[in-house]
Amino acid sequence: MRNSPSIIRRSLVALAAAVLLAGCGGTRADVEIVGMQNGVSRQQYLAMPGSARVEQAKDAEFGAKTQGVAVEVLLKIDGYKGSTLPLAYTLHDARNQLPFVSRKAPITPDSDQWSKRGHVWLPVLAPGSYYVQVVLGDSTGRKTNGPRTEDFTVQ
């Protein structure tokens, strides 16, 4: 029994597509919010083990007693081994979505399939209603949306 040219052509197109997709390496950079704790001071955040923090810098931008919010995130990165991806996290006013404080942490996976669960911290300097949005950019840094926490209130 002979195969028709259209069946052979469709098979070759499917095979070529599969080879191209496999060659792309299947890159992915995702972030998920898995928890949040309001009322965490900078000092309490820095006292967490390094393995529990995403941001490792111990900068003096905010005082140790500054109150803030710790957001626990799960990062999942495939195909970016050795590349540095930007993790941006921003405190927003929940009433009008205006950003108040934004920080970035460089993320450099050391394997092709990499994940980390850890905390980021932002100061909350005034009473109000807020939420935190996190964005894990791809290697171009162009990704602009990501998950957000539920609204929370600071008295």
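The shown structure was predicted, so the numbers you read here are calculated from the model rather than taken from an experiment. (Residues numbered from 1 in each chain as written. Predicted model: local features only at pLDDT ≥ 70, side-chain atom pairs only at ≥ 80, totals over all residues. Heavy atoms only, no water.)

**Remarks on the sheet that holds strand β2 (residues 67-78)**
Consideration 1: Ordered by their spatial adjacency, three strands build an open sheet running β1-β2-β5, and the pairing between neighbours is antiparallel. The open sheet terminates on both sides in strands that have one partner only, identified here as β1 (28-41) and β5 (113-123). Recorded for the sheet is a direction-independent mean angle of 15 degrees between the axes of neighbouring strands.
Consideration 2: Bridge count for β2 against β5 is eleven bridges, and the pairing is antiparallel. Along β5, the bridge assignment pairs I77 with W114. (Pairing = 2+ DSSP bridges. Helix = DSSP H or I, 4+ residues; strand = E, 2+ residues; numbered from the N terminus. Axes fitted to C-alpha atoms, helices over the stretch in contact; angles between N-to-C directions.)

**Details of the sheet that holds strand β4 (residues 99-107)**
Consideration 1: The antiparallel open sheet is built from four strands, whose spatial order is β4-β3-β6-β7. The outermost strands of the open sheet, each flanked by one partner alone, are β4 and β7 (152-154). Geometrically, the sheet is characterised by an average inter-axis angle of 30 degrees between neighbouring strands, direction not taken into account.

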